[in-house]
Each structure stands twice: as C-alpha cells, then as structure tokens.
Amino acid sequence: MKELVEVIAKALVDHPEEVVVTESENEKSIVLELRVAQPDMGKVIGKQGRIAKAIRSVVKAAAAKSDKKVIVDIMQ
C-alpha cells in the first residue's frame, strides 16, 4: 500500500523527491501518512478534496483483499 500511495503522489507533484510515505500498523488498521512539499499540498488535495478522496478510494480498493482498514492521512 505504501508504494501505491508513493507512486500516485509522485505523479501529481512538482517536487517528487520530497514525497514521504510512512506506514504504521495495528491489529485492525494500517495508517499511511503522506507528506509532500508545502507548494504541492494543493495538488495532492485537489479542489474540494477530490484528489485526496480519489487516492483514498484507490487504496481502499487495493486493500480489499486484506482484512485491515487502510487510512491515508495527508500531513503538512
């Protein structure tokens, strides 16, 4: 899942070298924290959060085989 979020984010931003995805896991869920350069925040979030919602939908679909919930947080 981490690699999927990283690939999607790097394709969207102007500074792909500053994309960092950290993964933490507990018994019920996996939390992916996405960090990008400040000027790229708007590109990752999108108008009214549409791109962020699309990223979460793709990750949720990819995680459907596992029994864990995947949460994507976009951090500053």
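Here the structure is shown first, and the text comes after it.
Residues numbered from 1 in each chain as written. Predicted model: local features only at pLDDT ≥ 70, side-chain atom pairs only at ≥ 80, totals over all residues. Heavy atoms only, no water.

### A word on the layout of surface pockets
- Its boundaries defined by the atoms lining it, the largest pocket holds a volume of some 210 Å³.
- Contributing to the lining of the largest pocket are Arg56, Ser57, Lys60, Ala63, Ala64, Lys68, Lys69, Val70, Ile71 and Val72.
- Of all the secondary-structure elements, those providing two or more residues to the lining of the largest pocket are α3 (50-62) and β3 (69-75).
- Looking at the lining of the largest pocket element by element, the count peaks at four residues for β3.
- Residue composition of the lining of the largest pocket, by class: five nonpolar, one polar and four charged. (1 Å grid on protein atoms, 1.4 Å probe; cavity = no way out; pocket = protein on both sides within 12 Å on 5 of 7 lines; lining within 4 Å. Points joined across faces, edges and corners; volume = space filled by probe spheres on them. Helix = DSSP H or I, 4+ residues; strand = E, 2+ residues; numbered from the N terminus. Nonpolar A, V, L, I, M, F, W, Y, C, P; charged D, E, K, R; others polar.)

### A look at the sheet that holds strand β1 (residues 20-25)
- Ordered by their spatial adjacency, three strands build an open sheet running β1-β2-β3, and the pairing between neighbours is mixed. With one partner strand each, in any of the chains shown, β1 and β3 form the two edges of the open sheet. Averaged over all pairs of adjacent strands, the angle between their axes in this sheet comes to 20°, without regard to strand direction.
- Bridge count for strand β2 (residues 29-35) against β3 is seven bridges, and the pairing is parallel. The residue bridging Leu32 from the neighbouring strand is Val72, located in β3.
- The strands that α3 touches are β2 and β3; relative to β3, the one it contacts most, it runs at about 155°. (Pairing = 2+ DSSP bridges. Axes fitted to C-alpha atoms, helices over the stretch in contact; angles between N-to-C directions. Contact = heavy atoms within 4.5 Å.)

These figures come from the coordinates and say nothing about function on their own.
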